[in-house]
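Here is how the chains run, residue by residue.
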Amino acid sequence: MTANSRCSAAEPPGLETQRREIESLLRQCELRAGDSWYVVERRWYEQWKGFVETGDQNSSSFPGQIDNTELFEDLDSYHLKERLVENEDFMLVPAEAWHKLLTWYGMVDGQPPLERKVVDLPSTLKVEVYPVEIFLCLHSNMENVITSQFSRADNIQSIQKAICEAFSVPPGSECRLWMKSSDSSCERLRNIHMSVLDACLSSGMTVIMETRNADGTWPSSRPQIMRNSVEDQDSYRGQPGVCGLTNLGNTCFMNSALQCLSNTAPLTEYFLQSSYLEELNFTNPLGMKGEIAEAYADVIKQMWSGRHYSVVPRVFKTKVGHFASQFLGYQQHDSQELLSFLLDGLHEDLNRVKNKEYIELRDADGRPDQEVAEEAWRNHRRRNDSVIVDTFHGLFKSTLVCPECHKVSVTFDPFCYLSVPLPVSKERVMEVFFVSLDPYAKPAQHRVVVPKAGKVSDLCSALSEMTSIPPTQMVVADVFNHRFYKIYNTDESLSCILDRDDIFVYELSVLEEQQEEQVLLALYLRERSHYRDYGSGSSSYGTTLFGHPLLLSVPRSSCSREALYNLFLQRLARYVRPPDPSEELEEEEEEEEEEEEEELYKTQTNGISDDEEQEVAEKAGPSQTEPCDGDASANGQSERTATAEPVPAVNHTQPLLDHGDTETSNGSQNQTEPLCNADANTDAVDPCETTDPTDPTEPTEPGSAPPAEQSQQPCDTTEEDKQEEACSPSPPANEQPAKRRTCRKRRKSLFTIQAVNSNGTTERGSGEGGSAVSFSSQPYVAIDWDPEMKKRFYNENEAEKYVKHASMEVPQQQTTVQLQECIELFTTVETLEEENPWYCPVCKKHQLATKKLDLWSLPEVLIIHLKRFSYTKFTREKLDSIVDFPLRELDFSGCLLRKNLRGKHTASSQPDLIRNAGILFS
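Being a predicted model, the structure only gives us computed values, none of them experimental. (Residues numbered from 1 in each chain as written. Predicted model: local features only at pLDDT ≥ 70, side-chain atom pairs only at ≥ 80, totals over all residues. Heavy atoms only, no water.)

Comments concerning the overall build of the protein chain
On a plain count of helices and strands, the protein chain comes out with 20 helices and 37 strands. The contacts of the protein chain with a sequence gap of at least 6 include a subset with a gap of at least 24, amounting to 74%. Carbon and sulfur atoms make up 47% of the accessible area of the protein chain, which amounts to about 47,000 Å² in all. (Helix = DSSP H or I, 4+ residues; strand = E, 2+ residues; numbered from the N terminus. Contact = heavy atoms within 4.5 Å. Areas by Shrake-Rupley, 256 points an atom, 1.4 Å probe, with all protein chains shown as cover.)

If you want it as structure tokens, here you go:
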């Protein structure tokens, strides 16, 4: 079955055409208010993307019909699950792209298309994946509740109309609306022309409508169930300020910043005393019409009322998202980013300067720093004057020096917080697993120290010092989900390896004489299922990867299935048990067949005859090897002569080679020796007829060794072996294939070998010249186990064992730095980057000047932001260094150039101002 026939959709174009059309639409389509976009489950989209990139219509990655099942809470209501994240749970595609995908692949029966509209939010256009779902009811019958969805761009009047229609309210009735959140607080919706977004309505809230009574009164001036949380007269009485903030969903970043500011005494007193009411600036074009200040004041007053265990900052969260669209939704964010936005918003909403004048800045021109600093501060206060400036603003001194003319430019710039870098170590510690060439050695976990900007070769060199294995005999790979995620080259950067990656380093074998090309072979282990995988487009059985993959260095001429079978058994000897001679691994076979039919059968079974598979299964394991003059070399090496010289031991698991593999190195076929049944024939219940080479009635081969010489061959067998084995000479090349009796039962192999792709899924064809793999790219092979054979001969517990090197026992010392070191690093001289040059007024061109920042004055409350992310052009690293700082008397007087500009030398030493929020220290 081809990919094109797997769904009822129309015949799609070619895979490359599909990929090009969809990518073009995604790239060119822009958001326009009112346009429709569609939600597609991410895993289906990624599978489609991988399918079209393969270019193979019969690939097993065919995605099938569009299926959004994973996005729904249930398949009855088809409600979306809560808190789905774009690009993690779903993808958004424009309408045209959606209709193409729907035409090509169809959709699962019964599922509705997830069409969503683009809404025009403040400062941004956004696809409204989650419309606001609101409960509607009448005050007179609050048990009767209906659910309705509204866009954030809809106004309150549309909600009022929906309630009137749903509850058959008589036309012309005078009514008013209240909104109730889940914490039972309520607020009057006074302006019906306000949008749902501006009214801070969110999903889960209830809108209640009441109508005026006939006598002109309202049923309730404020419904009893709608008491505001600030005025709630509960019996709870606690310490003001000791109050929690409810996590609305990944809002810990916001709550931590609010708690920091809540415990900043000067700012909190300012809001508790309602001083902000006199300074609200509704006309500032850079402000937010006082809404952020009012929302923040409401949260502070609730937290310091002493009447709440915790407060739900829902309205505040909505206001923040309204004016800063990056904080919309429930994704994780940076506390420092939220704090920076909030302080700037509060400053502009509370700026006492109603009309900002234009001020032309002057250069220092050699004037004293004191004079220039005072001028800069006055100019700053002429445009920015608020409680935020009074509490949090300080002054930097910035010095720029031109590298050519040595022009010195000095400016003084205000700051609201101090972003200091952390010292970055030039080394990193990596944990890797070393897989030795010794098949009986368990993988060893090592901890090595490597240069942070080093290469994979540095990792191999560091590991070589511990293992005494030359780095040239190592290959590094990232193993994920029983397969190789990436095999690294020695010149690749270590920065692309993450700490969470499972890195394995494999020792490779090296021939003494490099006369033959070595192939790096990747080996996967797979288990066959009991059912056929019809969906993959092939007739093979389904397979599942298991265990740890291996990397082996194999001579190119030894890549036949027979040779690889031998090699794999040797490498897996630690956890693959060879079968006992007493164990029966047999299956039925026809009684008679011609030799050429036998050869044909071999070629139809991937080049390995069943006799050979029986042989391998019976003789598996290096412990059962014994020399035999009838062994056929897996590499087709030069033929042995029949002498009394001992023959090197050969693993008896080696299968009998096909005729194509039994040729010697000079191309002649080995016909000088009879094949000994210890290696070539099968173990039969009814043994085959034997041939006595000393019997004169038996035909002998030309050039065959005399019996005396044959008796000198070290092919010793026991009496039990003799009962199971029979020897017969190989027929001469010029004789016609004769009919012979074969064993009725034959040995089965432990596993079969299959060429696969890098994921271990798609089967590939065999290579040229009888090779089991193709050398056009990195070769991957899999050994497929029957579940029963795996259960009997594969020891899973042993396969998973590993040992820890002594380096793992050395405790890791976590880096600790002093806050003073961060300040010193902040004030060091640096050279500007090419992307950010400075225009020298003397040279009349941009220069890569040197820059130095110094602290001129500090505010009453100093916010210190620890820059825990170290950036390069290609990577981002989070630093986990511990920063040591005093909780009291944090003295910065030694860092200040001017000691008494504003009367404050040190940051506030109140311990409750110091809070470590991951990347925020304030």
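From this point on, the discussion continues.
Considering the packing of aromatic side chains
One pair of aromatic rings is described through two measures. These are the centre distance and the angle between the planes. Taken as a whole, this structure holds 27 aromatic pairs when the rule is applied. Measuring from centroid to centroid gives 5.5 Å for F396 and F826, while their planes differ by 40°, and the two rings are tilted. Of this pair, F396 sits in strand β12 (residues 394–401) while F826 sits in helix α20 (residues 819–826), and the two are 430 residues apart along the sequence. The class of F826 is buried, set by a relative accessible area of 13%. On the numbers, 5.8 Å between centres and 35° between planes, the contact of F484 with Y524 is tilted. Note that F484 is positioned in strand β18 (residues 483–487) and Y524 in strand β20 (residues 518–532), a separation of 40 residues in sequence. On the basis of relative accessibility, which here comes to 4%, the residue F484 falls in the buried class. (Phe/Tyr/Trp six-rings, centres within 6.5 Å; stacked < 30°, edge-to-face > 60°. Buried < 20%, exposed > 50% of the residue type's maximum accessible area, 1.4 Å probe, protein only.)

A word on the nonpolar core
Counting residues in hydrophobic clusters, the biggest one holds 42 residues, and the most contacted among them are F484, Y506, F568, L750, F751, I783 and W785. The element that contributes the greatest number of residues to this core is strand β21 (residues 541–555), accounting for 6 residues. Ignoring anything within four residues of it in the chain, the contact list for F484 reads A477, D478, V479, Y506, A522, L523, Y524, P549, L550, L551, S758 and Y780. Core analysis: the next-biggest nonpolar cluster, separate from the first, contains 39 residues, L267, A293, A297 and F327 among them. (Core = buried A, V, L, I, M, F, W, Y, C linked by side-chain atoms within 4.5 Å.)

Focus: the sheet that holds strand β28 (residues 803–804)
The strand order across the open sheet built from 6 strands is β18-β17-β19-β15-β16-β28, with neighbouring strands paired in mixed fashion. Two strands close off the open sheet at either side, each with one partner strand: β18 and β28. Direction of pairing for strand β16 (residues 444–451) relative to β28: parallel, over a ladder of 2 bridges. Bridged to Q445 within β28 is K804. Its contacts with the sheet put helix α12 (residues 456–467) on β15 (427–435), β16, β17 (474–480) and β19 (503–507), and the angle it makes with β16 is roughly 130°. (Pairing = 2+ DSSP bridges. Axes fitted to C-alpha atoms, helices over the stretch in contact; angles between N-to-C directions.)

Focus on the environment of Y575
Looking at where Y575 falls in the secondary structure, it is placed in the loop between α13 (561–571) and β22 (586–588). Of the residues examined, Y575 reaches a relative accessible area of 9% and is grouped as buried. In this structure the C-alpha to C-alpha distance between Y575 and P439, which are 136 residues apart in sequence, comes to 9.2 Å. Leaving out residues up to four positions away in the same chain, Y575 has contacts with L550, F793, Y794, N795, E798 and A799.

What about empty space enclosed by the protein?
Considering all chains together, one arrives at 9 cavities of 30 Å³ or more under this definition. Considering only enclosed or pocket space, the largest cavity measures out at about 170 Å³ in volume. Around the largest cavity, the lining is made up of 16 residues, and of these V435, P443, L550, R574 and Y575 lie nearest the centre. Contributing elements (two or more residues each) for the lining of the largest cavity: β19 and β21. Top contributing element to the lining of the largest cavity by residue count: β21, with 3 residues. Partitioning the lining of the largest cavity into residue classes produces 10 nonpolar, 2 polar and 4 charged. (1 Å grid on protein atoms, 1.4 Å probe; cavity = no way out; pocket = protein on both sides within 12 Å on 5 of 7 lines; lining within 4 Å. Points joined across faces, edges and corners; volume = space filled by probe spheres on them. Nonpolar A, V, L, I, M, F, W, Y, C, P; charged D, E, K, R; others polar.)

Notes on a negative patch on the surface
Together, E830, E833, E834 and E835 give the surface a local cluster of negative charge. Looking at E830, the relative accessible area reads 47%, which means it is partly exposed. (Patch = residues over 30% accessible without salt bridge, like charges linked within 9 Å, V, L, I, M, F, W, Y side chains within 5 Å. Salt bridge = Lys/Arg side-chain N within 4 Å of Asp/Glu carboxyl O. Lys, Arg positive; Asp, Glu negative; His and termini not counted. Charge placed at Lys NZ, Arg CZ, Asp CG, Glu CD.)

A few points about the pairing of strand β3 (residues 115–121)
Of the pairings in the sheet, the one linking strand β1 (residues 36–41) to β3 comprises 3 bridges and is antiparallel in character. In the strand pairing of β3, Y38 is matched with E115. As defined by bridge partners, β3 adjoins strand β4 (residues 124–127) across 4 bridges and the pair is classed as antiparallel. Counted as the bridge partner of V119 is K126 from β4. Hairpin connection of β3 to β4: 2 residues between the antiparallel strands, including S123 at a positive phi of 70°.

Quick word on the pairing of strand β9 (residues 206–211)
Buried residues dominate β9, accounting for 5 of its 6 residues. For strand β5 (residues 132–138) and β9, the ladder comprises 4 bridges, and the chain directions are parallel. From the neighbouring strand, F135 faces β9, where its bridge partner is T206. In the sheet, strand β7 (residues 175–180) pairs with β9 via 6 bridges, with the strands oriented antiparallel. Bridged to C175 within β9 is T211.

Let's talk about the sheet that holds β9
What the 5 strands build is an open sheet, ordered β6-β5-β9-β7-β8; its pairing is mixed. A strand with exactly one partner marks an edge of an open sheet, and here the two such strands are β6 (141–150) and β8 (186–189). Taking the axes of each pair of neighbouring strands and ignoring which way they run, one obtains an average angle of 30° across the sheet.

Some details on helix α2 (residues 42–54)
The terminal C-alpha atoms of α2, which comprises 13 residues, lie 18 Å apart, in line with the 18 Å expected from a rise of 1.5 Å per residue. Taken together, the buried positions of α2 are occupied by W44, Y45, W48, F51 and V52. The buried side chains of α2 occupy one side of the element, clustering within an arc of 120° when seen end-on. The secondary structure elements touched by the buried residues of α2 are α1 (15–28), β1, β2 (90–94) and α3 (95–105). Its side-chain oxygen at 3.3 Å from the backbone nitrogen of R43, E41 defines the N-terminal cap of α2. Trailing α2 by a residue or two, G55 shows a phi angle of about 75°, which is positive. (Expected span 1.5 Å × (residues − 1). Arc of directions from axis to C-beta. Polar contact = N/O pair within 3.5 Å; in protein donor to acceptor, adjacent residues only side chain to side chain.)

As for unusual backbone geometry
Of note in the backbone geometry, C200 takes a positive phi value of approximately 65° without being a glycine. Mapped onto the elements of the fold, C200 is located in the loop between β8 and β9. Under the relative-accessibility criterion, C200 is labelled buried at 5%. The backbone of K289 sits at a positive phi, close to 60°, despite the residue not being glycine. Assignment of secondary structure puts K289 in the loop between α6 (265–272) and α7 (291–303).

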